[in-house]
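Given next are the chains, with one letter for each unit.
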Number of protein chains: 2
Amino acid sequence: MKSKLAYAVSAVALLLATPALAQDATPINDEELRADAQLLFEPIPTVQPAPEGNPITREKVELGKMLFFEPRLSSSHLFSCNTCHNLGIGGVDGLEVSVGHGWQTGPRNAPTVFNAFFNIAQFWDGRAADLAEQAKGPIQAAVEMNATPDRVLSVLNSLPQYQQRFALAFPGEADPVTFDNVAKAIEVFEATLITPGARFDQYLEGNNAVLNETEKQGLRLFMDSGCASCHNGVNVGGGEYYAFGVVEQPGADILPRDDKGRFAVTETATDEYVFRAPSLRNVALTAPYFHSGKVWDLTQAVGVMATAQLGAELEGTEVEAIVAFLHTLTGEQPDVTYPILPPNSSTTPRPELIVPAAN
Amino acid sequence: MKSKLAYAVSAVALLLATPALAQDATPINDEELRADAQLLFEPIPTVQPAPEGNPITREKVELGKMLFFEPRLSSSHLFSCNTCHNLGIGGVDGLEVSVGHGWQTGPRNAPTVFNAFFNIAQFWDGRAADLAEQAKGPIQAAVEMNATPDRVLSVLNSLPQYQQRFALAFPGEADPVTFDNVAKAIEVFEATLITPGARFDQYLEGNNAVLNETEKQGLRLFMDSGCASCHNGVNVGGGEYYAFGVVEQPGADILPRDDKGRFAVTETATDEYVFRAPSLRNVALTAPYFHSGKVWDLTQAVGVMATAQLGAELEGTEVEAIVAFLHTLTGEQPDVTYPILPPNSSTTPRPELIVPAAN
């Protein structure tokens with residue numbers, strides 16, 4: 001669970017700490033390193049977390065999984081949630097920015113769905129409070145799935161199997177097939193997409209042998225250099241908003257100037273170029289990096305971050321150690337059986353491939 | 001297995017039989033009906049069939065599954081085999097014709113991958129002898145996955161996990177990462193995508209109670225009206241090539257005149273508008289119908305077939321009975337765990353979204 005207090009305490013602790021970039025690679029004392037890390041991070045729980053006000057049931061998870069893989073939520077019947085949040089490749093699509101309806105590209109890199117439940121809010125700018133609200137976005141975005149709530153409900157109501165499954169997932173509701181319930185079912189399925197068991201988590205839990213010396217040096221550097229000021233908590237990030245370029249704005253190739261980030265949500269000047277710090281869970285699987293998707297190499301991404309956020313030039317061996325540590329954040333990938341979806345009925349809306357002319 | 005002899009015998013038997021379209025719905029004698037049906041059809045085997053010269057191993061199936069779901073086999077990294085042969089929706093995409101690279105559409109409706117192994121050959125025009133040859137087509141087609149063998153091998157060779165898996169799947173080969181082996185692994189996985197246990201198969205095997213009276217009347221009509229002349233064997237079709245419009249060519253809305261079918265393969269005048277009779281296994285799941293994908297309703301499709309192929313006008317109740325029978329051809333859908341794919345490496349080719357201008 002997110003603990004705001006834990007984040008605040010960690011941030012203060014880090015502000016007080018002296019960055020130790022040029023430290024000698026003195027042998028790691030595991031007890032000290034783990035104690036420091038435990039102040040900042042938590043393992044991904046092995047117990048299924050539950051969204052508030054949206055209890056997890058087997059029926060809802062199964063329905064949510066069907067909807068997650070359901071291409072008929074898009075007007076073309078070509079894109080499902082899984083297209084851009086592919087469960088086989090780290091919950092992302094491996095593209096700079098996603099491709100959607102009519103081969104249009106979206107403005108930002110698709111964030112991973114894995115462990116997204118633990119983020120403070122959803123989307124790079126945090127404009128959706130939770131996964132249910134998030135799920136409604138891409139379904140309706142003209143450059144993504146290009147559907148409407150009405151169309152989605154027409155599809156679902158045309159398929160008796162879905163009507164039945166909504167009734168089971170939302171018992172006691174007179175009309176359970178609603179767009180809100182579509183979002184709630186997807187939220188519940190996505191809450192199951194967590195990746196426990198990362199080697200880092202095993203280390204946090206007391207297993208010294210699971211990380212090698214370089215990875216431990218990387219963890220030490222990650223904490224002492226300041227990376228963990230933003231990337232902390234259960235998701236090693238995802239907990240707060242920060243300017244991209246605290247110290248020095250990266251070039252427009254990496255930080256395009258026309259995307260002002262959270263400013264579009266809050267309309268507050270201090271939120272220009274502010275984004276939610278991404279979770280670094282499974283970061284070795286989720287290239288390309290940053291909201292712009294412009295950096296493909298994790299080593300380069302760490303270098304960019306050091307300069308932009310910390311005003312530090314890390315040495316090659318230091319970056320390598322941090323990258324080695326980041327690889328230990330890869331957890332057990334979800335074990336998902338591909339869902340069987342109901343066949344079209346005579347009243348199912350037909351796929352629409354037409355792309356409206358841009359204004 | 002396909003038995004050419006069985007097909008030939010069946011066809012002769014049917015030519016000798018008198019069509020009995022206007023038969024009274026006399027009660028079905030199960031022993032007679034089953035005996036007649038057993039002459040024409042075989043159940044989907046519950047034992048895994050094996051492609052010739054391409055032995056099935058666990059390692060090859062697992063590799064083939066990864067490749068089947070691998071979007072990086074397309075130049076955009078957006079399309080996998082599963083995009084158009086979606087295992088959740090009957091092994092098809094539910095589109096008239098598939099959408100591929102650059103939002104281009106292909107010329108024909110995507111045939112189901114389920115039980116495709118039992119077809120005499122692959123594609124609507126039979127231009128690929130087997131599933132391995134078939135698999136190479138869409139990967140390279142400019143309007144589908146738009147890749148090249150070289151690109152595919154660059155992707156796979158950039159990912160050590162794939163190199164390892166090819167070595168395990170093709171032991172003893174000096175350089176196992178080849179385009180031929182990509183196709184072979186996919187073929188082996190696809191050979192596992194069979195759907196045994198259809199109610200029709202249970203009936204063939206002796207269970208009278210599994211079909212209702214209407215479905216049995218439908219089976220009787222399906223055989224006696226001549227449908228089974230083309231749609232017979234283990235796949236209830238898929239075994240031979242026939243003109244679309246044996247008796248009367250359908251309109252250009254259903255049979256576009258610029259697609260001459262198998263003529264493009266054989267360049268033989270008698271092969272104009274000749275197509276492989278599709279398997280009717282799982283036909284209730286695979287709308288829209290025909291190579292053109294122009295008919296969405298199974299009842300309408302049966303009507304079109306009766307007119308075009310048999311020169312018969314079936315009565316409404318007869319069509320309904322046949323449609324009821326066709327629904328009994330839905331088998332157990334494959335139980336597939338979504339594969340976890342290797343993350344990109346620094347040498348993995350980047351996705352290419354550019355669409356070359358048409359000539």
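Each remark here, short or long, concerns the structure printed above.
Not measured: the values here are computed from a predicted model.

When you go through chain A residue by residue, the secondary structure sums to 14 helices and 4 strands. Computed over the C-alpha atoms, the radius of gyration of chain A is 21 Å, within 12% of the 21 Å expected from 2.2 N^0.38 for a compact globule of 359 residues. Here the C-alpha coordinates of chain A stretch approximately 70 × 45 × 30 Å along the principal axes. Across chain A, every contact between residues at least 6 apart in sequence was considered, and the portion connecting residues at least 24 apart equals 74%. Within the structure as shown, chain A displays about 14,600 Å² of accessible surface, and the carbon and sulfur contribution to it stands at 54%.

As a further point, take the interface of chain A and chain B. Contacts between the two partners involve 42 residues from chain A and, on the opposite side, 42 residues from chain B. Roughly 3,300 Å² is buried in total at the junction of chain A and chain B, and carbon and sulfur atoms are behind 70% of that figure. Considering only the surface of chain A that becomes buried against chain B, A:Leu78, A:Trp103 and A:Tyr338 emerge as the three largest contributors, covering 24% of it. The interface formed by chain A and chain B includes 0 salt bridges. Here chain A and chain B share 10 residue pairs in polar contact (both at pLDDT 80 or more) between them. Taken together, the elements giving at least two residues each to the side of chain A that touches chain B come down to helix H4 (81-84) and strand E1 (99-100) of chain A.

The subject of this paragraph is the relation of the copies chain A and chain B. Overlay of chain A on chain B (RMSD 0.0 Å): rotation 180°, translation along the axis 0.0 Å. What we have between these two chains is a two-fold relation. It is A:Thr337 whose C-alpha, among those of chain A, lies nearest the rotation axis, at 2.1 Å. By residue overlap, the copies meet face to face through one surface: 100% of the interface positions of chain A are interface positions in chain B.

In the structure shown here, the tally under the stated rule is 0 disulfides over all chains. As a non-bridged cysteine, A:Cys84 has A:Cys81 as the owner of its nearest cysteine sulfur, 9.1 Å distant.

Applying the stated criterion to the full structure yields 25 aromatic pairs over all chains. Aromatic side chains A:Phe69 and A:Tyr338 sit 4.9 Å apart centroid to centroid with 55° between the ring planes, which places their arrangement in the tilted category. Separated by 269 residues along the polypeptide, A:Phe69 in the loop between helix H3 (58-68) and H4 and A:Tyr338 in the segment after helix H14 (316-327) bring together distant segments of the chain. Accessibility expressed as a relative area gives 1% for A:Phe69, which makes it buried. Grouping aromatic residues by their ring pairs yields a cluster made of A:Phe68, A:Phe69, A:Phe189, A:Tyr338, B:Phe68, B:Phe69, B:Phe189 and B:Tyr338. Between the NZ or CZ atom of A:Arg34 and the centre of the ring of A:Tyr203, over which it lies, the distance is 4.7 Å. Across the ring face of B:Phe123, the terminal group of B:Arg127 is positioned such that the distance to the ring centre comes to 3.8 Å.

To continue, consider the packing of helix H13 (residues 298-310) of chain A against H14(A). Residues and elements named next belong to chain A. Between H13 and H14, the least distance of the axes is 9 Å, while the angle of their chain directions is 115°. As H13 packs across H14, the resulting crossing turns out to be right-handed. In this structure, H13 contributes Leu298, Thr299 and Val302 to the contact, and H14 contributes Val319, Ile322, Val323, Leu326 and His327.

Counting through the fold element by element, A:Arg34 comes out in helix H2 (residues 30-40). Apart from residues no more than four positions distant in its own chain, A:Arg34 is found in contact with A:Tyr203, A:Leu204, A:Gly206, A:Asn207 and A:Asn208.

Calculation notes
Residues numbered from 1 in each chain as written. Chains lettered and ligands numbered in written order. Predicted model: local features only at pLDDT ≥ 70, side-chain atom pairs only at ≥ 80, totals over all residues. Heavy atoms only, no water. Helix = DSSP H or I, 4+ residues; strand = E, 2+ residues; numbered from the N terminus. Rg over C-alpha atoms; globule rule 2.2 N^0.38 Å. Contact = heavy atoms within 4.5 Å. Areas by Shrake-Rupley, 256 points an atom, 1.4 Å probe, with all protein chains shown as cover. Buried area = accessible area lost by both parts, 1.4 Å probe. Salt bridge = Lys/Arg side-chain N within 4 Å of Asp/Glu carboxyl O. Polar contact = N/O pair within 3.5 Å; in protein donor to acceptor, adjacent residues only side chain to side chain. Least-squares fit on C-alpha atoms with pLDDT ≥ 70 in both. Disulfide = S-S within 2.5 Å. Phe/Tyr/Trp six-rings, centres within 6.5 Å; stacked < 30°, edge-to-face > 60°. Buried < 20%, exposed > 50% of the residue type's maximum accessible area, 1.4 Å probe, protein only. Lys NZ or Arg CZ within 6 Å of the ring centre and 35° of its normal. Axes fitted to C-alpha atoms, helices over the stretch in contact; angles between N-to-C directions. Left-handed = near helix turned anticlockwise from the far one by under 90°.

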